[in-house]
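Working through the structure, step by step
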Amino acid sequence: MAGPRVEVDGSIMEGGGQILRVSTALSCLLGLPLRVQKIRAGRSTPGLRPQHLSGLEMIRDLCDGRLEGAEIGSTEITFTPEKIKGGIHTADTKTAGSVCLLMQVSMPCVLFAASPSELHLRGGTNAEMAPQIDYTVMVFKPIVEKFGFRFNCDIKTRGYYPKGGGEVIVRMSPVKQLNPINLIDRGCVTKIYGRAFVAGVLPFKVAKDMAAAAVRCIRKEIRDLYVNIQPVQEPKEQAFGNGNGIIIIAETSTGCLFAGSSLGKRGVNADKVGIEAAEMLLANLRHGGTVDEYLQDQLIVFMALANGVSRIKTGPVTLHTQTAIHFAEQIAKPNYLF
């Protein structure tokens, strides 16, 4: 099963957790032993953080692999994968570490498992420096399913910074192969909608203010579409801790999806949060691509695994995307065409 060991420098390009996610997922899928050195070497807290460790342990468990050097603060790991199996697997960051990033590393692997899988992912659902779970469900899911598979994402509890405490259950059946995608025609924007949420002790007025500010900002640029942003109070039993944020989606006539999102922080007024999300969405609509800046890098691994050439049209290529391409080429050596 095992081929020659792949050596990865974890300090180059994006230089963070993304290198670990791409390289361990591909190592697991292709049955290639892996060593990653200089993990997060340039970060203020170098080495593995709790969310990286829980992701690595999950991949190890998915395939009964061997993982060495995996502890908090470690800057080098070796991983020897075995056969990917289905079943129920759990990963818990025990922090506000993102469940969406856990999903990013595990989903490509369980697509090629021996049987259906159920992933129980615990941590932050709406956390900084990562996609919000609403983005994963509303944008990533419909687009990635164009590769020819389906998954179900059940948000049991939402968790926010700093406590985490969220839980998401992802269910999916394996496939024999992935189909290439061709996302070249952007079409025109037909719908703009979203949700502005508050959870815990935050007053509902905050959600309404975020939504109203976002709508005003979008109307300055796009006048002929109804912008439907729903203010939401997360039910007490389905949210752990306090948080607020907003996600706004634009849908086009050809089924492309773009988003802008923002999370509230202590001391930042609600209008500012709403405007930040609206401006992000508008910037993503200006560049003329078929995917937004946060989707590009998440599609690379699937493009690398698909049976044929995939094409997506992007705006400016992000460092995360360049990093994903670099390591997918190093490890999987697929044929790309952008």
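Residues numbered from 1 in each chain as written. Predicted model: local features only at pLDDT ≥ 70, side-chain atom pairs only at ≥ 80, totals over all residues. Heavy atoms only, no water.

1. A closer look at helix H5 (residues 204-221)
In this model H5 runs 27 Å from its N-terminal to its C-terminal C-alpha over 18 residues, within 8% of the 26 Å that 1.5 Å per residue would give. Among the residues making up H5, those that are buried are Val206, Ala207, Met210, Ala211, Ala213, Ala214, Val215, Cys217 and Ile218. (Helix = DSSP H or I, 4+ residues; strand = E, 2+ residues; numbered from the N terminus. Expected span 1.5 Å × (residues − 1). Buried < 20%, exposed > 50% of the residue type's maximum accessible area, 1.4 Å probe, protein only.)

2. Notes on the UniProt feature "active site" (unreviewed entry) in the protein chain
Under the UniProt annotation, the feature "active site" (unreviewed entry) is placed at His320. Take His320: it is sitting in helix H8 (residues 319-332). The contacts of His320, once residues within four sequence positions are left out, are Glu14, Gln18 and Asp297. (UniProt positions renumbered as here; feature names shortened; annotations may be inferred. Contact = heavy atoms within 4.5 Å.)

3. Describing the sheet that holds strand E1 (residues 6-9)
Spatially, four strands are ordered E1-E2-E4-E3 in an open sheet, and the strand pairing comes out mixed. The sheet is open, and its two edges are formed by E1 and strand E3 (66-68), each paired on a single side. When strand polarity is set aside, the average angle formed by the axes of neighbouring strands in this sheet is 15°. In the sheet, E1 pairs with strand E2 (residues 34-37) via four bridges, with the strands oriented parallel. Counterpart to Val6 in the pairing with E2 is Leu34. Lying over the sheet, helix H2 (residues 50-62) contacts E3 and strand E4 (77-80), oriented at roughly 150° with respect to E3. (Pairing = 2+ DSSP bridges. Axes fitted to C-alpha atoms, helices over the stretch in contact; angles between N-to-C directions.)

4. A look at the pattern of salt bridges
Within the structure shown, the criterion is met by 22 salt bridges. Of the charged contacts in the structure, one is a salt bridge between Lys38 and Asp9, with a shortest N-O distance of 3.9 Å. Taken together, the residues Lys38 in the loop between E2 and H2 and Asp9 in strand E1 connect sequence positions 29 residues apart. When the shortest N-O distance is used, the salt bridge between Glu68 and Arg66 registers 3.2 Å. The network of salt bridges with shared partners includes Arg5, Glu7, Arg35 and Glu76. (Salt bridge = Lys/Arg side-chain N within 4 Å of Asp/Glu carboxyl O.)

5. A closer look at the sheet that holds strand E10 (residues 189-199)
With mixed pairing, the four strands of this open sheet are ordered in space as E11-E10-E13-E14. Each edge of the open sheet carries a strand with a single partner, namely strand E11 (227-233) and strand E14 (257-263). Neighbour-to-neighbour, the strand axes of this sheet turn through a mean angle of 15°, independent of strand direction. Sheet topology places strand E13 (residues 243-252) next to E14; seven bridges connect them, and they run antiparallel. Looking at the pairing, Glu251 lines up with Leu257 of E14.

6. What to know about the packing of aromatic side chains
Within this structure, the stated rule accounts for six aromatic pairs. On the numbers, 6.3 Å between centres and 50° between planes, the contact of Phe140 with Phe151 is tilted. Here Phe140, found in helix H4 (residues 133-144), pairs with Phe151, found in strand E7 (residues 151-159); they are eleven residues apart in sequence, far enough to count as distant. As far as the burial class goes, Phe140 and Phe151 line up, both buried. With centroids separated by 5.9 Å and ring planes inclined at 20°, the aromatic side chains of Phe149 and Phe302 adopt a geometry described as stacked. Separated by 153 residues along the polypeptide, Phe149 in the loop between H4 and E7 and Phe302 in helix H7 (residues 296-305) bring together distant segments of the chain. You'll find Phe149 and Phe302 in the same group, each marked buried. Members of the aromatic cluster, joined through ring pairs, are Phe140, Phe147, Phe149, Phe151 and Phe302. (Phe/Tyr/Trp six-rings, centres within 6.5 Å; stacked < 30°, edge-to-face > 60°.)

7. Digging into the packing of H2 against helix H3 (residues 99-110)
Where H2 meets H3, the closest approach of the two axes is 9 Å, and the angle between their N-to-C directions is 15°. Classified by the interaxial angle, the pair formed by H2 and H3 is roughly parallel. The interaxial crossing formed by H2 with H3 has right-handed handedness. Listed contacts from H3 to Gln51, Ser54, Gly55, Met58, Ile59 and Leu62 of H2 are Leu102, Val105, Ser106, Cys109 and Val110. When grouped by side-chain class, the residues that make up the contact of H2 with H3 number seven nonpolar, four polar and no charged. (Parallel < 35°, antiparallel > 145°, perpendicular 65-115°, else oblique. Left-handed = near helix turned anticlockwise from the far one by under 90°. Nonpolar A, V, L, I, M, F, W, Y, C, P; charged D, E, K, R; others polar.)

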